[in-house]
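Residue-level structure breakdown
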Amino acid sequence: MQTWLMKSEPEEASIDDLQRLARLPWIGVRNYQARNFMRDAFQLGDRVLFYHSSCAEPGIAGLARVASAAYPDPTQFDPASPCHDPKSKPEAPRWLLVDVSFERKTRLLSLKELRERPELGSLQVLQKGSRLSITPVTDAEWRLLEPLLA
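Every value quoted in this text rests on a predicted model; they were computed, and no experiment measured them.

Our focus in this paragraph is the pairing of strand 3 (residues 47–52). Taken across its six residues, strand 3 has six buried, putting it largely inside the fold. What you see with strand 3 is no split at all: Arg47, Leu49 and Tyr51 on one side and Val48, Phe50 and His52 on the other are buried throughout. Pairing of strand 3 with strand 4 (residues 59–66), which is carried by six bridges, proceeds in the antiparallel orientation. By the bridge assignment, Tyr51 is partnered in strand 4 with Ile60. Between strand 3 and the antiparallel strand that follows it, strand 4, lie six residues; Ser54 among them carries a positive phi value of about 50°.

Structure follows, in C-alpha cells:
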C-alpha cells in the first residue's frame, strides 16, 4: 500500500464535502506527471492525505483512500467546465481521475507546521517549486506524519 498527498482547493472539494458524500471523483488534474501517478501507480486502497491548498491555511485536513481505478475525467470534454481541454477527444482522452473515499478528518496539519518540522523536510509538497497536485509520500514520511494527524 502506498500513500499519496492529494491537493484540493476547499471551495472546490473539501474534506467536509468528502465526509458528507463519502466518495468523490478527483476531477481537474491537468498535469501529466500527476495523471501518470493515477494511471500507473495508484492502487485500490492506497492511503490519501487530503490536503487543502490555495486557502487561508493550507495543510493536511484528513485521510481518504483510493476507491477506483483511473478513468477518463468527463470535465475535459465539457466546454462549460473550467477544466475543459478542447484537444482531448472521447475516443482518446488525455486526462484521468480516480475516486477517493472518506476515511476520517484529522486536525489541520498546516503547511506552516510541516515546514517547522525538519524531519519532514523530504516531503515533496515542501520542496521549492513543487506545484504538483498529487505527490507520493514515502513509508518513512507516513510514519512521521501519522502520529501528528491524531
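With that out of the way, let us pick up unusual backbone geometry. Not every positive phi belongs to a glycine, and Ala22 is a case in point at roughly 75°. Along the polypeptide, Ala22 turns up in the loop between helix 1 (15–21) and strand 2 (23–25). Ala22 gets classed as partly exposed once you look at its relative accessible area, which sits at 43%. Its identity is not glycine, yet Ser54 carries a phi of approximately 50°, on the positive side. Locating Ser54 in the fold gives a position in the loop between strand 3 and strand 4.

A few words now on helix 2 (residues 32–41). Here helix 2 has its buried residues at Ala34, Arg35, Phe37, Met38 and Ala41. Summarising the contacts, the buried residues of helix 2 are in contact with strand 1 (3–8), strand 6 (96–97) and strand 8 (134–137). Of the residues that open helix 2, the one with a side-chain oxygen 2.8 Å from the backbone nitrogen of Gln33 is Asn31.

So, on to the sheet that holds strand 4. The strands that make up a sheet are held in pairs by hydrogen bonds between backbone atoms, and each pair lies either parallel or antiparallel. Read across the sheet, six strands follow the order 2-7-4-3-1-8 without closing on themselves; strand pairing throughout is mixed. The sheet is open, and its two edges are formed by strand 2 and strand 8, each paired on a single side. The average angle at which neighbouring strand axes cross in this sheet is 40°, direction not considered. Where strand 1 lies against strand 8, four bridges are found, and the strand directions are antiparallel. Across the sheet, Trp4 pairs through a bridge with Pro136, a residue of strand 8.

This paragraph deals with the layout of surface pockets. Size it by volume and the largest pocket reaches roughly 890 Å³. As for the largest pocket, its lining consists of 32 residues, of which Lys7, Ser8, Glu9, Ser53 and Ser133 are closest to the centre. Secondary-structure elements contributing two or more residues to the lining of the largest pocket are strand 1, strand 2 and helix 3 (111–115).

Let us look at the pattern of salt bridges. This structure, assessed with the given rule, holds 11 salt bridges. Salt-bridge contacts for Glu113 lead to Arg117; the nearest nitrogen and oxygen are separated by 3.5 Å. What makes Glu113 buried here is its relative accessible area of 17%. Judged by relative accessible area, Arg117 falls into the partly exposed class, the value being 26%. The structure contains a network of salt bridges with shared partners spanning Arg107, Glu113, Arg117 and Glu119.

Among the nonpolar cores identified, the biggest contains 22 residues, and Trp4, Met6, Leu18, Phe42, Val100 and Ile134 are the most heavily contacted of them. Where this core is concerned, the elements lending two or more residues are strand 1, helix 1, helix 2, strand 3 and strand 4. The biggest single contributor to this core is helix 2, with four residues. Discounting residues that sit within four places of it in the chain, Leu18 has contacts with Arg23, Leu24, Phe50, Ala64, Val100, Ser101 and Phe102. Among the nonpolar cores identified, the runner-up in size contains 17 residues, and Leu5, Val125, Val137 and Trp142 belong to it.

Rules used throughout
Residues numbered from 1 in each chain as written. Predicted model: local features only at pLDDT ≥ 70, side-chain atom pairs only at ≥ 80, totals over all residues. Heavy atoms only, no water. Buried < 20%, exposed > 50% of the residue type's maximum accessible area, 1.4 Å probe, protein only. Helix = DSSP H or I, 4+ residues; strand = E, 2+ residues; numbered from the N terminus. Pairing = 2+ DSSP bridges. Contact = heavy atoms within 4.5 Å. Polar contact = N/O pair within 3.5 Å; in protein donor to acceptor, adjacent residues only side chain to side chain. Axes fitted to C-alpha atoms, helices over the stretch in contact; angles between N-to-C directions. 1 Å grid on protein atoms, 1.4 Å probe; cavity = no way out; pocket = protein on both sides within 12 Å on 5 of 7 lines; lining within 4 Å. Points joined across faces, edges and corners; volume = space filled by probe spheres on them. Salt bridge = Lys/Arg side-chain N within 4 Å of Asp/Glu carboxyl O. Core = buried A, V, L, I, M, F, W, Y, C linked by side-chain atoms within 4.5 Å.

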